[in-house]
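Residue-level structure breakdown
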Amino acid sequence: MKISVSFTLLLLLGAVSAEESNDYQLPFPQDIYIALEQMTASLDQQKADMRLLQRETQEQVSQLKTEVDKLKQQQQGRQVAFSASLSAGGPAVTLGPFPSAPTLVFAHVVTNIGNAYNPNSGVFTAPVRGAYHFDWSIGAHGNNLNPSAAWLVKNSEHVFIAYEYEPVGFMSSSKGATLLLEVGDVVFVSLAGDTRAYDDINHHTTFSGSLLFTM
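Reference entry: report on the structure contained in this document. In this text the structure is predicted, and so the values were computed from the model without any measurement. All residue numbers refer to positions counted from 1 along the written sequence of the respective chain. For a predicted model such as this one, the threshold for reporting local features is a pLDDT of at least 70, and the threshold for listing and counting side-chain atom pairs is 80 or more; totals across whole chains, interfaces and linings nevertheless cover every residue. The side-chain figures draw on all heavy atoms in the structure; neither hydrogens nor water molecules are used.

**Details of the overall build of the protein**
Threshold: Numbered from the N terminus, helices here are DSSP runs of H or I no shorter than four residues, and strands are runs of E no shorter than two. Whether two residues are in contact is decided by their heavy atoms: any pair within 4.5 Å suffices. Shrake-Rupley sampling with a 1.4 Å probe provides the accessible areas, and residues are treated as covered by the protein chains on show and by no other component.
From N to C terminus, the protein includes 2 helices and 12 strands. Counting from the amino terminus, helix and strand elements in the protein follow one another as α-α-β-β-β-β-β-β-β-β-β-β-β-β. Partitioning the contacts of the protein with sequence separation of at least 6, the portion at a separation of at least 24 is 75%. Here the protein displays about 14,000 Å² of accessible surface, and carbon together with sulfur accounts for 59% of that area.

Laid out in C-alpha cells, this is it:
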C-alpha cells in the first residue's frame, strides 16, 4: 500500500513540474532573428541618412566658399584709388609748349590700389561702373608767352581745365571733378596746346583719382 501511494505522488509531482516548465518557456529563436533584422535595417537607414547629410553639408560648404570668393572679387573691384606725380624726384622736368595736347604720363606712383592707373601711359581705366573723383594740379615757371594748363579728358571728351597764367614767378593751378564711368572708360590728363608743365622733387604736377561708389 505504501509503495502505491508513493508512486502516485511521484506522478503528480512530475506533472506539476512539466506545467511549470511550460509556463517559463524561453523565447523562440525566430523572434530574436526578427529583432536583429529590424535593428540592422534601422542602423543601415541611419548610415544612409548620415551620408546624405554629409553630402548636403559638403555641397553647402562648397557653395558658401564660391559665394565668399565672388564677394572678395567684388570687394577688390570696389577698392580703387591712385595718386601719382609727373616727376619721380630726380632732375626737374619741364614739358611744352607743344602745338598739340599730349597725354601727361605721371610716372611717380605713390598709390595704385586696384592697378587701374597705368604709369606707362598715364591713363586710368575704370574697372567697374560707378562714380569716380579725380584731382589734378599743374605748375610751371611764369613767362610772358606760355601759361600753364592741363585738361582732364574722359575718353575723347575734354571735361575741365586747370589753367594759370603769370608773367613772372611760379604759377600753379588745380581742379577736381566727379565722373560717372562705365567699365572700360578711360580718364587722363593732357597738356593744353602751347602751355607748359613743370615738376621737381616738390611734386607740383599731380594726378589722383578714386572710386566713390559703384552703380
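**What about the nonpolar core?**
Definition in use: Residue types Ala, Val, Leu, Ile, Met, Phe, Trp, Tyr and Cys, when buried and joined through side-chain atoms within 4.5 Å, form a set referred to as a nonpolar core. When a residue's accessible area, from a 1.4 Å probe over protein chains only, is under 20% of the maximum for its type it is buried; when over 50% it is exposed; and in between it is partly exposed.
Core analysis: the biggest nonpolar cluster contains 27 residues, and Phe-124, Phe-134, Leu-152 and Phe-207 have the highest contact counts within it. Broken down by element, the residue count for this core peaks at 4 residues, all from strand β6 (residues 130-141).

**A few points about the packing of aromatic side chains**
When we look at a pair of aromatic rings, we describe it by the centre distance and by the angle of the planes. Selection criterion: Stacked, edge-to-face and tilted labels apply to pairs of Phe, Tyr and Trp rings (six-membered ring for Trp) whose centres lie within 6.5 Å, assigned for plane angles under 30 degrees, over 60, and everything in between, in that order.
Using the criterion set out here, one finds 11 aromatic pairs in the structure. Arranged with centres 6.4 Å apart and planes meeting at 55 degrees, the rings of Phe-82 and Phe-134 form a pair that is tilted. You can see Phe-82 sitting in strand β1 (residues 81-85) and its partner Phe-134 sitting in strand β6, a full 52 residues away along the chain. Phe-82 gets classed as buried once you look at its relative accessible area, which sits at 4%.

**Comments concerning a nonpolar patch on the surface**
Our working rule: Here a patch means residues that are over 30% exposed by relative accessible area and free of salt bridges, tied together within 9 Å if like-charged and within 5 Å if nonpolar (Val, Leu, Ile, Met, Phe, Trp, Tyr). Salt bridges are defined as contacts in which a side-chain nitrogen from Lys or Arg sits within 4 Å of a carboxyl oxygen from Asp or Glu.
Taken together, the side chains of Ile-32, Tyr-33, Leu-36 and Met-39 present a nonpolar region at the surface, about 440 Å² in accessible area. Assignment of secondary structure puts Ile-32 in helix α2 (residues 29-78).

**Let's talk about the sheet that holds strand β4 (residues 117-118)**
The strands that make up a sheet pair up through hydrogen bonds in the backbone, lying either parallel or antiparallel. Here is the rule: A pair of strands is labelled paired if DSSP reports no fewer than 2 bridges between them.
Taken in spatial order, the 5 strands make up an open sheet running β4-β5-β10-β7-β8, and their pairing is antiparallel. Of all strands in the sheet, those with a lone pairing partner are β4 and β8 (157-164), marking the two edges. Pairing of β4 with strand β5 (residues 123-125) involves 2 bridges; the strand directions are antiparallel. Across the sheet, residue Asn-118 finds its bridge partner in β5, namely Val-123.

**Regarding the pairing of β1**
Here β1 runs beside strand β3 (residues 108-113); their pairing, made up of 5 bridges, is antiparallel. Among the inter-strand pairings, Phe-82 is bridged to a residue of β3, identified as Asn-112. Two elements, β1 and strand β12 (residues 206-214), share 5 bridges in a ladder whose sense is antiparallel. The residue of β12 that forms the bridge with Ala-84 is Phe-207.

**Describing the environment of Pro-97**
By the secondary structure assignment, Pro-97 is in the loop between β2 (93-95) and β3. Taking relative accessible area as the criterion, Pro-97 reaches 38% and is therefore assigned partly exposed. Considering only alpha carbons, one finds Pro-97 and Leu-145, 48 residues apart in sequence, at a separation of 9.7 Å.

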